[in-house]
Amino acid sequence: MSTHIHTEAFNPATGESLGQIPQNTLEDIQHAVSRIRKAQTKWADFSFSERGKHLRKMQRHLIEHGEEYARIISADNGKTLTDAYITEISSAVIAFDYYIKHSARVLRERRVKGSHIFSLFTRNRLQQVPMGVVGIISPWNYPLAIPMHEILMALMSGNGLLYKAASETQMVGQVIQKIVDAGELPQDLFVQVNVAGRIAGDAFLEAGIDKLFFTGSVPIGKILMKKAAETLTPISLELGGNDPMIVCAEANLKKAVNGAIWAGLSNSGQSCAGVERIYVHRDVYRPFLKLLKKKVERLRVGHPDHKDTHIGTMTTSRQHDAVRNMLEEAIAQGAIVEAISQIDETTDQALPATILTEVNQEMRVMKEETFGPVIGVMPFKNIEEAIQLANDSDLGLTASIWTKNHSLGRKIASQLEAGVVTINSHLISHAIPNLPWGGFKQSGVGRTHGELGLLEMTKARVIVNDYFPLNKQFYWTPPGFVYSRWVGFMMMVGGAWSWKLKGLLKLIFGFKKL
Ligand code: NAP
């Protein structure tokens, strides 16, 4: 059931209306959770291969309608069609294969051997039990790829789903509904609601979901964590980033420049793990800037439908204005516009790609997540300084190092405070579904994707069978007469040979005072 209130979807490039999506009420969310719970108890009994068959149908549908859906994403979000096809459609299609093939291996019930003579007579099993009803709230920047991973993980691990798409990309929410419908899942297993974000968190948690998977901004993540504490509902937070790129003296500069443009400027820089700050060794600072300037000045920003557009528009006017303010503030504080792309001024909400130099760590453009097509570049003297600059942030989602010396790259990577560090690339691992995704510091809590993501969709249950043949364990109350000797022996038998010997003596002669 829903009210007569609708959310109107707009094309950010033209302002044209794309359609109206009915809004749901708080009562709809309450009812949805009990309906999902009923469907989920049956779904949890499906084998992994049965669940996988439903997902295959979804995947087939997505492949068949890939181009059509990429067009909807492009119209709703403002990114180019190619961008939508590569980073959204193909990334989701690849994810299906991983979760269908590997969920059983990660989540199946397994025997766990005891680690010590103490558990000699127990047989232990570990089960990963579905959470139940998982709530997913996702943002507008990758409106298909981000929620699809979580939907797939939740379904393969036996959960039901309550899903909310970002208000700005409700048309993509409708696409997700079609993909899920194609899977012919049990009725009510997946329910999508359209409610304003400001009420969604409270509504989801108060309706009694068993886990919340949230992807969005740091401030909202903090609000949700506080709210979830009231019921101790488990929560995974995938939040913002302010990602550094370190270009070493011996880097392939052409590759580094191309990587910076792709990871920092595609999707109008609205990537949580996009390049936001570039630190370049002073020996190659000038040649790097020269190459970057040449490439950026050739980029065309504008209507995502136009054939010669490289970068589309910003998705929301709010984000457009926020980035412009940050840029103007940095310029007023002394930053220099080193390079600026071409721009189609007639396109709503388009922002030119801009490279800033003479920036410092105190400017908001370097200190905060910009989430737009603006990158600051600074030189560094040595690797220690580069690491210190890269780590100088409250956020730690991803980072990259550009060097031909891979062992140096790995050495630097181990010192960066980030959930993902890439050498000679950036942003790519979100599309490698078996790699966990998530950040250090305020970039998030928990992990999505891969084995760790699947585990986050479940809770662990341990089953311990005691096969001890006698009527009573030595240590049960009241303890038997050999109690202290046996415990003394057990504690020491796992250590060095001298300890084992001491343990044996305790077993034979007991403790002096016990
Ligand atoms: P946002 O304002 O936090 O919104 C994200 C989602 O949360 C939207 O669906 C929004 O709904 C909803 N929301 C807003 N207020 C809420 C509340 N009080 N309770 C529950 N849900 C609420 O973030 P954004 O500006 O749209 O997205 C950009 C941010 O997401 C950036 O910081 C970016 O780095 C981060 N992000 C992180 C990752 C990652 O993997 N770590 C991936 C993508 C994006 P409405 O649209 O209805 O307001």
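Residues numbered from 1 in each chain as written. Predicted model: local features only at pLDDT ≥ 70, side-chain atom pairs only at ≥ 80, totals over all residues. Heavy atoms only, no water.

Draft legend 1. Looking closely at the overall build of the chain. Counting its secondary structure elements, the chain contains 17 helices and 22 strands. By principal-axis analysis of the C-alpha atoms, the chain measures approximately 90 × 60 × 40 Å. Counting over 514 residues, the chain shows a buried share of 54%. Pairs at least 24 apart in sequence give 71% of the contacts found in the chain among residues at least 6 apart. Charge separation in the chain, taken as the distance between the mean sites of 57 positive and 50 negative side-chain charges, equals 13 Å. (Helix = DSSP H or I, 4+ residues; strand = E, 2+ residues; numbered from the N terminus. Buried < 20%, exposed > 50% of the residue type's maximum accessible area, 1.4 Å probe, protein only. Contact = heavy atoms within 4.5 Å. Lys, Arg positive; Asp, Glu negative; His and termini not counted. Charge placed at Lys NZ, Arg CZ, Asp CG, Glu CD.)

Draft legend 2. A look at the site of the ligand. Neighbouring the ligand are 30 residues, the closest being Ser 138, Ser 167, Ser 217, Leu 239 and Glu 369. Between the ligand and the protein, one listed contact pairs an oxygen atom with a backbone N or O atom of Gly 197 at 2.9 Å. Trp 437 has a polar side-chain atom sitting 2.9 Å from an oxygen atom of the ligand. With the chains in place, 91% of the 900 Å² that the ligand exposes on its own is no longer accessible. Those elements giving two or more residues to the shell around the ligand turn out to be helix 7 (197-206), strand 8 (211-215) and helix 8 (218-231). Here the shell around the ligand gets 3 residues from one element, more than from any other, and that element is helix 7. Here the shell around the ligand is built from residues that sort into 15 nonpolar, 10 polar and 5 charged. Here the shell around the ligand spans two domains, and each of domain 1 (22-113 + 121-239 + 451-461) and domain 2 (243-432) adds at least three residues to it. (Near = heavy atom within 4 Å. Polar contact = N/O pair within 3.5 Å; in protein donor to acceptor, adjacent residues only side chain to side chain. Areas by Shrake-Rupley, 256 points an atom, 1.4 Å probe, with all protein chains shown as cover. Nonpolar A, V, L, I, M, F, W, Y, C, P; charged D, E, K, R; others polar. Domains from an automatic or database assignment.)

Draft legend 3. Broad picture of the nonpolar core. Among the nonpolar cores identified, the biggest contains 44 residues, and Met 58, Phe 96, Leu 144, Met 148, Ile 151, Leu 155 and Ile 179 are the most heavily contacted of them. Among the elements that take part in this core, helix 4 (residues 81-107) stands out by supplying 11 residues, more than any other. With residues near it in sequence (within four places) discarded, Ile 179 still touches Met 58, His 61, Leu 62, Tyr 69, Phe 96, Leu 144 and Met 148. Formed by 37 residues, the second largest nonpolar core is a distinct cluster that contains Met 245, Leu 265, Cys 272 and Ile 375. (Core = buried A, V, L, I, M, F, W, Y, C linked by side-chain atoms within 4.5 Å.)

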